[in-house]
Amino acid sequence: MSTRSTSRHASYFPSERKALLRRRLIGLGLALLAFALLHLLDRWLFLALKVENLGEVESKAWYQILRQTGDVRTWLLVALVLASHMLWSNLRALPVPRIHPGAIAGIVASPIIAGLIAELLKLILGRERPADSQTGEYQHYVFKGLMRGFVDSSNLGLPSSHAAVAFGAAFILGRAFPGAGLILIPVAAGCALTRMLAGRHFATDVVLGAIVGWLSALLVARALRRLMPGAFAKRAG
């Protein structure tokens, strides 16, 4: 094994890697269990949360702020700001904490990948949004059919790509800047809530989006840790 290959894994002992994998599998299992159980509450949650006068809610600043965290462009702007700070600090040799380029790459990659995976899953799973695209009336689970989304991609909702993007960004920022997740994960949950308030998604849509975002951040952090050593600190879980 090369020195480079060895250094990639030097921060973890075999027992630590096994424990970490076990915790992640347990977390994923619990998330998928919650996703399954939420199917029992989907209709009730949709009817309880959907607002009738959406225009009034959409005009609120808090709604717009939370919703925009599900837009990839928001996180591209954040990455651009951090990149500008990093370059300026390096050029001026300022005595400030340095931002690793890998962290910025992760902020760009994780939301994009999460959003793309969510869009691909929509086409594969083929489940429509809660409201009929023609009448706007509530419909429970309507499936176009497995893979039928590649033929007709209209009105697909599972999973929520907004939730996937927001959680993909929140989780990767939490890894790059420890403690940031305490703020950003609730913000991502707020983004998911706006999609339910608008009647655009079931609870299961946004939960699966959150799972996609978490997996995207996990894979991106792992890849960048290998490609750009020092990008993401060793984590206990």
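Residues numbered from 1 in each chain as written. Predicted model: local features only at pLDDT ≥ 70, side-chain atom pairs only at ≥ 80, totals over all residues. Heavy atoms only, no water.

**Student:** Sorry if this is basic, but what is going on with the pattern of salt bridges here?
**Tutor:** Any two side chains of opposite charge can pair, on the condition that their charged atoms come close. A full pass over the atoms with the stated rule returns five salt bridges. Its salt-bridge partner being Lys122, residue Glu119 comes within 3.4 Å of it at the nearest N-O pair. Placement of both Glu119 and Lys122 in helix α7 (residues 101-125) is noted, with a separation of three residues, approximately one turn of the helix. On the basis of relative accessibility, which here comes to 37%, the residue Glu119 falls in the partly exposed class. Among the charged side chains, a network of salt bridges with common partners joins Glu128, Lys144 and Asp152. (Salt bridge = Lys/Arg side-chain N within 4 Å of Asp/Glu carboxyl O. Helix = DSSP H or I, 4+ residues; strand = E, 2+ residues; numbered from the N terminus. Buried < 20%, exposed > 50% of the residue type's maximum accessible area, 1.4 Å probe, protein only.)

**Student:** Just checking my understanding: could you explain the side chain of Arg129 for this structure?
**Tutor:** Topologically, Arg129 is positioned in the loop between α7 and α8 (161-176). In this structure the side chain of Arg129 is engaged in a polar contact, spanning 3.1 Å, whose partner is the side chain of His201. Each residue touching Arg129, except ones within four places of it in the same chain, is listed here: Lys122, Gln139, Asn155, Leu156, Gly157, Arg195, Arg200, His201 and Phe202. (Polar contact = N/O pair within 3.5 Å; in protein donor to acceptor, adjacent residues only side chain to side chain. Contact = heavy atoms within 4.5 Å.)

**Student:** Mind showing me how you'd approach the nonpolar core here?
**Tutor:** A general feature of soluble globular proteins is that nonpolar side chains tend to end up buried together. Ranked by internal contacts, the top residues of the largest apolar core, which has 34 residues, are Trp75, Ile104, Ile107, Phe167, Ile172 and Phe232. Of all the elements in the fold, those that place two or more residues in this core are α6 (72-92), α7, α8, α9 (181-197) and α10 (203-227). Looking at this core element by element, the count peaks at nine residues for α8. Excluding its chain neighbours within four sequence positions, the residues that come into contact with Ile104 are Ala79, Leu82, Ala83, Met86 and Ile99. (Core = buried A, V, L, I, M, F, W, Y, C linked by side-chain atoms within 4.5 Å.)

**Student:** Could you clarify how one ought to interpret the packing of aromatic side chains in this entry?
**Tutor:** Between two aromatic rings, the relevant description is the distance of the centres plus the angle of the planes. Evaluation of the coordinates by the stated rule reveals six aromatic pairs. Ring geometry for Trp62 against Tyr63: centres 6.0 Å apart, planes inclined by 75°, an arrangement best described as edge-to-face. Look at Tyr63 and you get buried, because its relative accessible area is 0%. An aromatic cluster is defined as three or more aromatic residues linked by ring pairs; in this entry it consists of Phe46, Tyr138, Tyr141 and Phe202. (Phe/Tyr/Trp six-rings, centres within 6.5 Å; stacked < 30°, edge-to-face > 60°.)

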